[in-house]
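Per-entry structural report
The residues making up each chain are set out below.
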Amino acid sequence: MTLVAPLALGPVAAHAQETNSRLDGLSLSGDDPIQIESDKLQVQDADGTAVFTGNVQVVQGKTLMKSGKMVVHYSKDDKAQSDGGSATETSQIERIDVSDKVYIKSESQEASADRGTFNMKTEVVELTGDRVVLSEGKNVFVGCKLTVFMKTGEAKLESCGKRVRIQLDPKSRK
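Just so it is clear, the structure is predicted and the values come from calculations on it, not from any experiment.

Regarding the overall build of the protein
Across its full length, the protein carries one helix and 14 strands. Going through the 174 residues of the protein one by one, you find that 37% of them count as buried. In the protein, the share of contacts with a sequence separation of at least 24, taken over all contacts with a separation of at least 6, comes to 45%. Within the structure as shown, the protein displays about 10,100 Å² of accessible surface, and the carbon and sulfur contribution to it stands at 49%.

A short note on the environment of G137
One can find G137 in the loop between strand 11 (124-136) and strand 12 (139-149). Given a relative accessible area of 69%, G137 falls into the exposed group. Between the C-alpha atoms of G137 and L168, which are 31 residues apart in sequence, the distance is 9.5 Å.

Looking at the pattern of salt bridges
Proximity of charged atoms lets side chains of opposite charge pair with each other. According to the stated counting rule, one finds six salt bridges in the structure shown. With its nearest N and O atoms 3.8 Å apart, the salt bridge here joins E126 to K145. Taken together, the positions of E126 in strand 11 and K145 in strand 12 put the pair 19 residues apart, joining distant regions of the chain.

Notes on the confidence of the model for the protein
Looking at the protein, pLDDT values average 80 and 73% of them are 70 or higher. At the low end of the mean pLDDT range in the protein sits strand 1 (residues 6-12), at 30; at the high end sits strand 4 (residues 40-44), at 97. In this model residues 79-83 is a low-confidence stretch, pLDDT under 50, and it forms six contacts with partners more than four residues away in sequence or in other chains. Low pLDDT (under 50) marks residues 85-90, which in the prediction has 13 contacts with non-local residues, meaning those over four places away or in another chain.

So, the pairing of strand 13 (residues 154-158)
With five bridges connecting them, strand 12 and strand 13 associate as antiparallel partners. Paired with L146 across the strands is L157, a residue of strand 13. If you look at the hairpin formed by strand 12 and strand 13, you'll find four residues sitting between the two strands, and G153 has a positive phi there, around 80°.

Each value, and the rule that gives it
Residues numbered from 1 in each chain as written. Predicted model: local features only at pLDDT ≥ 70, side-chain atom pairs only at ≥ 80, totals over all residues. Heavy atoms only, no water. Helix = DSSP H or I, 4+ residues; strand = E, 2+ residues; numbered from the N terminus. Buried < 20%, exposed > 50% of the residue type's maximum accessible area, 1.4 Å probe, protein only. Contact = heavy atoms within 4.5 Å. Areas by Shrake-Rupley, 256 points an atom, 1.4 Å probe, with all protein chains shown as cover. Salt bridge = Lys/Arg side-chain N within 4 Å of Asp/Glu carboxyl O. pLDDT = per-residue confidence, 0-100. Pairing = 2+ DSSP bridges.

Shown next, in the form of structure tokens:
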């Protein structure tokens, strides 16, 4: 997964409760190998989950993600089951849930939240928490829920009853 910089901020809602912007590339890099480290891994084949706990660190390409816990939900290939193979050998990842303080860093951006969900089927990423922060250099976006639609690059930052805060550095525009 790659987090790419917001190039321009879209229209701000009238009540400053949410804002839309374009993120040209929060995407999952399917071609790059994924390296996962954690203190513990528990595969629950019957439930279709793999649970990584304790100092979880995921590296894919130039993207790093850290969290306290990561649950990978996968669907099982019926053909592999009927052939006697393990579901984890031919499974498709449906969703990844991360929690216990999530931190994501790419080449140019950083994001932090309490928890997050990466839905592989819909290609939607949601980061949520009391304080969700997305930053690139001196540009900082703060809210409580960041939703990124990876297919279009559209993003929405919500305030959850407070106000969305944005700090823009005019020098960052090219």
